[in-house]
Amino acid sequence: MPDVVEIYMCKAGEKLEDGKLAVSNDIYDKEAAKTDAIMRCKISPSLARIAYYAINDNGDFKPYYSYNNPKVEEPKSKQASNEGLRKKRRKKKPAKKTFWQKLAASVGR
């Protein structure tokens, strides 16, 4: 039974070290880790992998449990850009010249 469990969560295409880190004192066995991983993937379906590491009092850590999400979903912003559904921007109309700009242009400035 570990004292503390570090939870590393990453999205698709992201390294595990670059993902988010959470710490839990409530995970006592591998079955609790599996239940926690399934719950986290239901809350955030874009998570691709979750890894649990057991930390002891002396600072040693070892891999405890790893879960790969079989139903990974891409974030909606990436889906829209991949499908070409982005809206086109309108071009701005050129600003009208002020009286002083017209006067300066006629004088030769």
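Please read all numbers here as calculations on a predicted model, not as lab measurements. (Residues numbered from 1 in each chain as written. Predicted model: local features only at pLDDT ≥ 70, side-chain atom pairs only at ≥ 80, totals over all residues. Heavy atoms only, no water.)

A. Molecular detail of the sheet that holds strand β1 (residues 4-11). Sheet architecture is open: four strands sit in the order β2-β1-β3-β4, paired in antiparallel fashion. Each of the sheet's edge strands pairs with one partner strand only, and the pair in question is β2 (20-24) and β4 (61-68). Averaged over all adjacent pairs, the angle separating strand axes in this sheet is 20°, with direction ignored. Of the strand pairs in this sheet, β1 and β2 are connected by five bridges, and their pairing is antiparallel. The residue of β2 that forms the bridge with Glu6 is Val23. (Pairing = 2+ DSSP bridges. Helix = DSSP H or I, 4+ residues; strand = E, 2+ residues; numbered from the N terminus. Axes fitted to C-alpha atoms, helices over the stretch in contact; angles between N-to-C directions.)

B. Geometry of the environment of Leu47. Along the polypeptide, Leu47 turns up in strand β3 (residues 47-55). Residue Leu47 is classed as buried on the basis of its relative accessible area of 8%. In sequence terms Leu47 and Lys11 are 36 residues apart; their C-alpha atoms lie 4.5 Å from each other. (Buried < 20%, exposed > 50% of the residue type's maximum accessible area, 1.4 Å probe, protein only.)

C. Region of the structure containing the nonpolar core. Judged by nonpolar contacts, the single largest core of 15 residues is most densely connected at Ile7, Met9, Ile27, Ile50 and Tyr52. The dominant element in this core, judged by the number of residues it contributes, is β3, at four residues. (Core = buried A, V, L, I, M, F, W, Y, C linked by side-chain atoms within 4.5 Å.)

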